[in-house]
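Architecture at a glance
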Amino acid sequence: MMEFTESNLRDLLATVGLPSSEGGEELERTFDELGLDSLARMELATRIQDRFGVDVEDRITAEATPSLVRDLVNERLIGAVR
């Protein structure tokens, strides 16, 4: 079964302009707090769709966090398997 890992998430965040940090605190901050605008969030959603086949564009809001998106993608991947 495919899983959307923290490593996958960090890689995708880096591709849309969020520099990687050693700690995990940025995964709990909102996209707004991280400075990711709507275009960067849409790009992130597109990359998740392309790589994992999961549409989360409507859930990647300014108030969402990267960890919330990771959990949502994994929930939908598990649901697709059942």
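All values reported here derive from a predicted model rather than from experimental measurement. (Residues numbered from 1 in each chain as written. Predicted model: local features only at pLDDT ≥ 70, side-chain atom pairs only at ≥ 80, totals over all residues. Heavy atoms only, no water.)

1. Notes on the pattern of salt bridges
- All told, the structure shown has five salt bridges when counted by the stated rule.
- With its nearest N and O atoms 3.0 Å apart, the salt bridge here joins Arg10 to Glu6. Linking Arg10 with Glu6, this pair stays in helix α1 (residues 6-15), spanning four residues, or about one helical turn.
- For Arg10, a relative accessible area of 17% gives the class buried.
- Between Glu26 and Arg10 there is a salt bridge, with its nearest N and O atoms 2.3 Å apart. With Glu26 in the loop between α1 and α2 (31-34) and Arg10 in helix α1, this residue pair connects regions lying 16 residues apart in the sequence. (Salt bridge = Lys/Arg side-chain N within 4 Å of Asp/Glu carboxyl O. Helix = DSSP H or I, 4+ residues; strand = E, 2+ residues; numbered from the N terminus. Buried < 20%, exposed > 50% of the residue type's maximum accessible area, 1.4 Å probe, protein only.)

2. Here's the deal with the side chain of Asn74
- Examined against the element boundaries, Asn74 turns out to sit in helix α4 (residues 66-81).
- Owing to a relative accessible area of 14%, Asn74 belongs among the buried residues under this scheme.
- Sequence-distant contacts of Asn74, that is, excluding residues within four places in its chain, are made with Glu3 and Phe4. (Contact = heavy atoms within 4.5 Å.)

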